[in-house]
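Architecture at a glance
Chain residues, written in single-letter form:
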Amino acid sequence: MTIITLATHYEIEDCIHCGFQFGLPVEFVDRRRQDHASFFCPACRKNMHYPAKSRIEKVEEKLRRKTECCDFYTTRTVDLQDDVAHQKARVRGYQSLAARRQRELQTAKGEGDA
Ligand SMILES: [Zn+2]
């Protein structure tokens, strides 16, 4: 004679409508917490569901927020790099203009001395 022992773990649930306590397999509870689908109380036959976000949903939401934050700062960094390049070009332009004016002054001074 062979004896097979199977173990199923149950989570005790309280009906939100009638207060009846009943056991649900842990795997079933995990699935319902993930998909938020309804299930029925075996006593009053009214439906129940788990509206709270699951741990996976919370982690996904946190990841989405971090990704959005990262995207924002990446875009901001590119904008600032473009601004720095623009300002450097302006500085080069002013330096070039200043050098030209200085040469013109030296030329005018040289002509005035002659
Ligand atoms: Zn009930």
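Residues numbered from 1 in each chain as written. Predicted model: local features only at pLDDT ≥ 70, side-chain atom pairs only at ≥ 80, totals over all residues.

As for the overall build of the protein chain
Basically, it comes down to this: In DSSP terms, a helix is any run of H or I states spanning at least four residues, a strand is any run of E spanning at least two, and both are numbered starting from the N terminus. We call a residue exposed when 12 or fewer other C-beta atoms sit within 10 Å of its C-beta, buried when the count reaches 20 or more, and partly exposed for counts in between; the C-beta positions come from the backbone. Residue pairs qualify as contacts under a 7 Å threshold applied to their C-beta atoms, which are placed from the backbone.
Helices and strands together make up the secondary structure of the protein chain, namely two helices and four strands. When its helices and strands are written in sequence order, the protein chain yields β-β-α-β-β-α. Judged by the C-alpha coordinates and their principal axes, the protein chain covers about 125 × 40 × 15 Å. For the protein chain, with 114 residues in total, the buried portion stands at 0%. Residue pairs in contact within the protein chain that sit at least 24 positions apart in sequence constitute 22% of those at least 6 positions apart.

Quick word on the pairing of strand S1 (residues 10-14)
Basically, it comes down to this: Strand pairing follows a simple DSSP-based rule, namely that at least 2 bridges must link the two strands.
Among the five residues that make up S1, zero are buried, leaving the element largely open to the surroundings. As paired strands, S1 and strand S2 (residues 21-25) are joined by five bridges and run antiparallel to one another. Counted as the bridge partner of Asp14 is Gln21 from S2. Where S1 hands over to S2, the hairpin turn is made up of six residues, of which Gly19 adopts a positive phi near 80°.

Topic: the domain arrangement of the protein chain
Convention followed: Segmentation of the chain into domains, including their bounds, is taken from an automatic or database domain assignment.
If you check the domain split of the protein chain, you get domain 1 (7-52) and domain 2 (71-114). Between domain 1 and domain 2, the C-alpha centre-to-centre distance is 72 Å.

Considering the environment of Cys15
Tracing the sequence through the fold places Cys15 in the loop between S1 and S2. The sequence separation of Cys15 and Arg65 amounts to 50 residues, and the corresponding C-alpha distance is 35 Å. The residues touching Cys15, leaving out its near neighbours within four places in the chain, are Phe20, Cys41, Ala43, Cys44 and Met48.

As for unusual backbone geometry
Outside of glycine, negative phi angles account for most residues, and trans bonds account for most peptide bonds. For His36, which is not a glycine, the phi torsion comes out positive at approximately 60°. If you trace the backbone, His36 turns up in the loop between helix H1 (26-35) and strand S3 (39-40). For His36, a count of 13 C-beta atoms within 10 Å translates into the label partly exposed.

So, the environment of Met48
Tracing the backbone shows Met48 in strand S4 (residues 47-48). For the pair Met48 and Cys15, spaced 33 residues apart in sequence, the C-alpha separation works out to 7.6 Å. Once residues lying within four places of it in the same chain are set aside, the contact partners of Met48 are Cys15, Ile16, Ser38, Phe39 and Cys41.

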